[in-house]
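# A look at the structure
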Amino acid sequence: MSSMIAGATGAGLPAGFGQQEATTRPEFYLWRQYTLRNGTAPRRLAEYFENAAIPALNRLGHSPIGVFTVFAGVPGPGVFVLTPLATLESLATLEARLEKDEQYVKSAAAYADVTAADPAYIRIESSLLSAFPRFPRVVVPAATAAKGPRLFELRTYESPSEKTHLMKVKMFSEMGEIEIFKRVGLTPVFFSRTLVGPRMPSLTYLLVYENLAARERNWTAFSSDAEWKKVSSTPGFSDAEIVSNITSIYLRPAAYSQI
């Protein structure tokens, strides 16, 4: 059976976050996109995650699970699921561990026993990501606990070569771009490099806002920030030199999402 897991810590940016970054082993992420048909598929998939997958994965010690529906950026209906993994081995053994959970197998039957005439989804596309060492864990938005309004933006930066890709990673991790994000109100959930997936070499990160107005306000503050202007004008590090494409997908959390 195909499933997702996620393991992360805390709500908001915890005290001593810089020290945590320096000593915590970076996670891996399994990021999956489920392409659906209209009709019964969205409801069936939602029931699977809410009633079977998330409880089982929590029992295995993996939490929180991030499940998101498409708001804008790709054709819908679609569901995205984020799975932080402590090790690559935990990914390799995921299905076997779930299959040993009798409660999961029973609860997932309606999802697992579909036919070609009435599938739960059309296809799944997966990427394996590696967290930045300077941002090694998913950070759960403060609004999640109260189920407050959350709009997520998944941004992917493609680069023309492996070398320029690593230079863009360096801008975030070593040249202060992540810190500028936080200061101007761009709230990150995770930062990662793509290890396996489409459109490589690339990096992917997820931001969260209260709404689109907040998104526009914070990006305007970022683009006019003096420190960002200094970083982005560093010789050899301009987007024109090291970034070949930027794409954004806007997502809403499912009602049962833990992120």
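Please refer to the structure higher up on the page.
Residues numbered from 1 in each chain as written. Predicted model: local features only at pLDDT ≥ 70, side-chain atom pairs only at ≥ 80, totals over all residues. Heavy atoms only, no water.

### Side note on helix α9 (residues 212-223)
Compared with the 16 Å implied by 1.5 Å per residue over twelve residues, the 17 Å span of α9 between its first and last C-alpha is a close match. Of all the positions in α9, only A214, R215, N218, W219 and F222 are classed as buried. All buried residues of α9 fall inside an arc of 125 degrees around its axis, so they share one side. On the buried face of α9, the contacting elements are β7 (151-158), α8 (177-184), β9 (202-209), α10 (226-232) and β10 (245-253). Sitting at the amino-terminal end of α9 is N211, which places a side-chain oxygen 3.2 Å from the backbone nitrogen of A213. (Helix = DSSP H or I, 4+ residues; strand = E, 2+ residues; numbered from the N terminus. Expected span 1.5 Å × (residues − 1). Buried < 20%, exposed > 50% of the residue type's maximum accessible area, 1.4 Å probe, protein only. Arc of directions from axis to C-beta. Contact = heavy atoms within 4.5 Å. Polar contact = N/O pair within 3.5 Å; in protein donor to acceptor, adjacent residues only side chain to side chain.)

### Let's talk about the packing of aromatic side chains
Taken as a whole and assessed by the stated rule, the structure comprises 26 aromatic pairs. Taken together, a centroid distance of 5.6 Å and an interplanar angle of 80 degrees make the contact between Y34 and Y121 edge-to-face. Of the two residues, Y34 is situated in strand β2 (residues 28-35) and Y121 in the loop between α6 (109-112) and β5 (123-131); the sequence distance between them amounts to 87 residues. Ring centres of Y157 and F172 lie 5.9 Å apart, and the angle between their planes is 70 degrees; this geometry places the pair in the edge-to-face category. Here F172 lies in helix α7 (residues 162-173) and Y157 lies in strand β7, a separation of 15 residues in the sequence. By the burial criterion, Y157 is buried, and F172 matches it. One aromatic cluster in this structure is built from F132, F135, Y157, F172, F181, F191, Y205, W219, F222 and W228. (Phe/Tyr/Trp six-rings, centres within 6.5 Å; stacked < 30°, edge-to-face > 60°.)

### Details of the pairing of β7
For β7, a buried count of eight out of eight residues is recorded, marking the element as mostly surrounded by other parts of the structure. In the sheet, β7 pairs with β9 via eight bridges, with the strands oriented antiparallel. Within β9, the residue paired with E153 across the bridge is L207. Summarising the sheet, β7 and β10 pair through seven bridges and their orientation is antiparallel. The partner of F152 across the bridge, within β10, is L251. (Pairing = 2+ DSSP bridges.)

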